[in-house]
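Below are the chains, spelled out letter by letter.
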Amino acid sequence: MSIMGWRVHFTRRDPAWPREATPFIREFSALFSGLDQRLDDLGVPERQPFLISPAGQYDVALNRYFSVWLALSPVEHPGRPARDLRTYFDFLWFGRGRCD
């Protein structure tokens, strides 16, 4: 899977689901069963940012930054540094000819 650049997402305990429960939606929503408990067990706060690479990958070491360093930071909203990092990584991504 390749996308055009880095993406910023935020954890959500209660994601919105379509009104019509098709077989696909029922199967897909099963992947998220117990998500609230898993996030709580890991100490992940609501609306914590995380980055997804252009290849669609989640880098554990990179995203640990948001739980470790931003937790101690006086930044008003953790989305700001996440978006700044996304812009920086996009700059590197496109500047290097879209290679990791």
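The structure this text deals with has already been given above.
Described in the following lines is the structure provided in the data block.

Now for the overall build of the chain. A tally of helices and strands in the chain yields 4 helices and 2 strands. Helices and strands appear in the chain in the N-to-C order β-α-α-β-α-α. Evaluated residue by residue, the chain yields a buried proportion of 27% over its 100 residues. A separation threshold of at least 6 residues defines the contact pool for the chain, and within that pool the share at least 24 residues apart is 68%. Put simply, the chain shows about 7,400 Å² of open surface, and 58% of that area lies on carbon and sulfur atoms.

Bringing the side chain of Gln-48 into the picture now. Relative to the helices and strands, Gln-48 resides in the loop between α2 (35-42) and β2 (49-52). Residue classification places Gln-48 among the buried residues on the basis of a relative accessible area of 11%. The residues touching Gln-48, leaving out its near neighbours within four places in the chain, are His-9, Phe-10, Thr-11, Phe-66 and Ser-67.

Here helix α3 (residues 60-68) crosses helix α4 (residues 79-95) at 155°, and the two axes come no closer than 11 Å. Put simply, α3 runs roughly antiparallel to α4. As α3 runs across α4, the sense of the crossing is right-handed. Here Leu-62, Tyr-65 and Phe-66 of α3 lie close against α4, whose contacting residues are Pro-81, Ala-82, Leu-85 and Phe-89. Of the residues assigned to the contact of α3 with α4, the class counts are 7 nonpolar, no polar and no charged.

What counts and how
Residues numbered from 1 in each chain as written. Predicted model: local features only at pLDDT ≥ 70, side-chain atom pairs only at ≥ 80, totals over all residues. Heavy atoms only, no water. Helix = DSSP H or I, 4+ residues; strand = E, 2+ residues; numbered from the N terminus. Buried < 20%, exposed > 50% of the residue type's maximum accessible area, 1.4 Å probe, protein only. Contact = heavy atoms within 4.5 Å. Areas by Shrake-Rupley, 256 points an atom, 1.4 Å probe, with all protein chains shown as cover. Axes fitted to C-alpha atoms, helices over the stretch in contact; angles between N-to-C directions. Parallel < 35°, antiparallel > 145°, perpendicular 65-115°, else oblique. Left-handed = near helix turned anticlockwise from the far one by under 90°. Nonpolar A, V, L, I, M, F, W, Y, C, P; charged D, E, K, R; others polar.

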